[in-house]
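# Observations on chain architecture
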Amino acid sequence: MLLRRFLLSACCVLSLPCVLSQPAQAQSCSTIKNPVYVAGSTALEPLFKGLGPKLASDPKNPITLVYLKNGSCSGVAQLGTKLTAAVAPKFYYVDASYTGGDVPQCVNDLATAPTLDVALSDVYYERCKAGASLAAGYKDFLGPVETMIMMVPKQSTQTAISAEEAYYLFGFGSFGDVSPWTDEGMVCIRSSSSGTLGLWSATIGLPNTSWRGVVNPGSSEVVTCVDLAAQKSPEKAIGIVGAEIYDAGTIRNGHRALAFRSFKQNYAYYPDSTPTAYDKRNVRDGRYTAFGYAHIMTAVDAQGKPINPLVGIWVDQLTSLRSDVLTTVIRNVKMVPQCAMNVARTSDGGDLIPYTGPSCSCFYEATLAGKAPARCQSCITDADCSTKHCNLGYCETR
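Residues numbered from 1 in each chain as written. Predicted model: local features only at pLDDT ≥ 70, side-chain atom pairs only at ≥ 80, totals over all residues. Heavy atoms only, no water.

## A closer look at the overall build of the chain
Summing up its helical and strand segments, the chain has twelve helices and 18 strands in all. The globule rule puts the C-alpha radius of gyration for 398 residues at 21 Å, and the 22 Å found for the chain is close to it. Of the roughly 17,600 Å² that the chain leaves accessible, carbon and sulfur atoms contribute 53%. (Helix = DSSP H or I, 4+ residues; strand = E, 2+ residues; numbered from the N terminus. Rg over C-alpha atoms; globule rule 2.2 N^0.38 Å. Areas by Shrake-Rupley, 256 points an atom, 1.4 Å probe, with all protein chains shown as cover.)

See the structure below:
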């Protein structure tokens, strides 16, 4: 068994008459205006929730995101295919009236089956398609950075896990003998088509199809799985989710993200600078290595622009330095804009390279904390900065 010894940086009462409530009638998908049909990642549901109302309430070009939550690689497999009622009897959708909570659904009553506009994935196309390249006429637009975590119940005393331990735990289950996670019935995972699992697979060197544990259809079900396991033995319960799921709502109150020591590292690191912070400092600097990108895959024209202009609007929002969009991504979606990163990578689990695009680190930290760090200098134009880069009101190095 490997050792973990690292440094851790009621109605009708009595005789009173009653009225039985009727279930709400699900909306018909055919009544939704300006839909963009999306399929894929469940870990990226916060992105769908966070930006959906903003897109739908745009006064000039309103867009309604209509979403099939079926896992990253399932979405990738459906790219360019028809979404018939047999394939997708219902969709989730976010319109301008959405204010939080459960996402409403619509019934697929469309006379003509729509073609999937976007495959939303946590991983590169190559990981879903065993090394194959994205077909000509399609493009992968990289959105914000997402972090994957291994999570235990708050009652657990475990604080860290190594890549080697994770390999034996998830690859061999009970036979891996990774204490205290020796009961496969308390190891909560996703299916082989999941981007959450795929990104962890790339990080610990384990094939997508070789995982052992209780398979869950979505990220929220993983949380439930961990909670049920914790009722039996908090020490033996563990699960994998995206940090945007872990950081949302009250999930942090009852769970703990494990620090992770990657291969060739001497220490285990939390995604954030401390277990209670939200700054993703160790992700942004490359110390915590289980991260990737939101992948927006769609059909493009000869100039590399989305054929569907509504998709183009969404892509532009996710890839530009718009302060309102970045604020939503940071505060509501709990993801890291690429401009706040100091490192980058070109493949899942691949080597880290310096991020060389425009920086928004000061804006990111100011948005999180409510004020900018002392090191950040305010500016209006590039001339106000010795670095010659005034981005979003702060002097940046790039």
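## Concerning helix α5 (residues 195-204)
Where burial is concerned, most of α5 is hidden: ten out of the ten residues are buried. Within the span of α5, buried status applies to G195, T196, L197, G198, L199, W200, S201, A202, T203 and I204. For α5, the side-chain oxygen to backbone nitrogen distance between the N-cap and T196 is 3.1 Å, and the N-cap itself is S194. Count one or two residues on from α5 and you reach G205, which has phi positive near 75°. (Buried < 20%, exposed > 50% of the residue type's maximum accessible area, 1.4 Å probe, protein only. Polar contact = N/O pair within 3.5 Å; in protein donor to acceptor, adjacent residues only side chain to side chain.)

## Quick word on the pattern of salt bridges
For the coordinates displayed, the defined rule picks out 16 salt bridges. For E365, the salt bridge identified is with R284, shortest N-O distance 3.1 Å. Taken as a pair, E365 in helix α12 (residues 361-369) and R284 in helix α9 (residues 281-284) lie far apart in primary sequence, 81 residues in all. Here E365 and R284 have matching classes, each one buried. Several salt bridges share partner residues, and in doing so they unite R281, R284, D285, R287, E365 and R375 into one network. (Salt bridge = Lys/Arg side-chain N within 4 Å of Asp/Glu carboxyl O.)

## Considerations on the nonpolar core
M150, I161, F170, W200, I204, W211 and I238 are the most contacted members of the largest nonpolar core, which totals 69 residues. At six residues, the largest contribution of residues to this core is made by strand β7 (residues 138-153). Those residues in contact with I204 that sit more than four places away from it in its chain are A163, A166, Y167, F170, W211, F260 and F263. Counting 28 residues, the second-largest nonpolar core is a separate cluster that includes Y67, V94, V103 and V300. (Core = buried A, V, L, I, M, F, W, Y, C linked by side-chain atoms within 4.5 Å. Contact = heavy atoms within 4.5 Å.)

## Some remarks on a nonpolar patch on the surface
A contiguous nonpolar patch, built from Y168, F172 and F175 and spanning about 350 Å² of accessible area, is present on the exposed surface. Relative to the helices and strands, F172 resides in helix α4 (residues 163-172). (Patch = residues over 30% accessible without salt bridge, like charges linked within 9 Å, V, L, I, M, F, W, Y side chains within 5 Å.)

## Notes on the confidence of the model for the chain
A low pLDDT means the predicted coordinates there should not be read in detail. When pLDDT is averaged along the chain, the result is 92, and 94% of the positions lie at 70 or above. Between residues 1-24, whose pLDDT stays under 50, and residues either more than four places distant or in other chains, the model counts 35 contacts. (pLDDT = per-residue confidence, 0-100.)

## Regarding the packing of helix α11 (residues 323-333) against α12
Where α11 meets α12, the axes come as close as 10 Å, and the angle between the chain directions of the two elements is 55°. Taken as axis vectors, α11 and α12 run oblique relative to one another. Crossing hand, α11 versus α12: right-handed. Note on element contacts: α12 touches α11 through F363, Y364, T367 and L368, opposite S323, L326, T327, I330 and R331. Across the contact of α11 with α12, the residue classes break down as five nonpolar, three polar and one charged. (Axes fitted to C-alpha atoms, helices over the stretch in contact; angles between N-to-C directions. Parallel < 35°, antiparallel > 145°, perpendicular 65-115°, else oblique. Left-handed = near helix turned anticlockwise from the far one by under 90°. Nonpolar A, V, L, I, M, F, W, Y, C, P; charged D, E, K, R; others polar.)

## Observations concerning the state of the cysteines
As used in these notes, a disulfide is a covalent bond between sulfur atoms, one from each of two cysteines. Using the criterion set out here, one finds seven disulfides in the structure. Each sulfur of the disulfide joining C29 and C106 lies 2.1 Å from the other. Taking the sign of the S-S torsion, about 90° here, the bridge from C29 to C106 comes out right-handed. Note that C29 is positioned in the loop between β1 (27-28) and β2 (35-40) and C106 in strand β5 (residues 105-107), a separation of 77 residues in sequence. C106 shares its class with C29; the two are buried. Paired by a disulfide, C362 and C376 hold their sulfur atoms 2.1 Å apart. (Disulfide = S-S within 2.5 Å.)

## Notes on the packing of aromatic side chains
For the coordinates displayed, the defined rule picks out eight aromatic pairs. Considering the side-chain rings of Y167 and Y168, the 5.4 Å spacing of their centres and the 85° angle between planes classify their relative orientation as edge-to-face. Judged by its relative accessible area of 28%, Y167 is partly exposed. Relative to W211, the ring of F170 has its centre 4.6 Å away and its plane inclined at 35°; by these criteria the two rings are tilted. Of the two residues, F170 is situated in helix α4 and W211 in the loop between α5 and β10 (214-216); the sequence distance between them amounts to 41 residues. An aromatic cluster of three or more residues is present, and its members are Y167, Y168 and F172. Against the face of Y278 rests K334, its NZ or CZ located 5.6 Å from the ring centre. A cation over a ring is seen here: R345 above F291, with NZ or CZ 4.5 Å from the ring centre. (Phe/Tyr/Trp six-rings, centres within 6.5 Å; stacked < 30°, edge-to-face > 60°. Lys NZ or Arg CZ within 6 Å of the ring centre and 35° of its normal.)

## Describing the environment of S162
For S162, the position within the fold is in strand β8 (residues 160-162). Of the residues examined, S162 reaches a relative accessible area of 1% and is grouped as buried. Spatially, the C-alpha atoms of S162 and E221 are 25 Å apart, while their sequence positions differ by 59 residues.

## Let's talk about the pairing of strand β4 (residues 90-94)
One ladder, built from three bridges, connects strand β3 (residues 64-69) with β4; its direction is antiparallel. By the bridge assignment, Y67 is partnered in β4 with Y92. Pairing between β4 and β5: three bridges, direction antiparallel. Directly across from K90, in β5, lies its bridge partner V107. (Pairing = 2+ DSSP bridges.)

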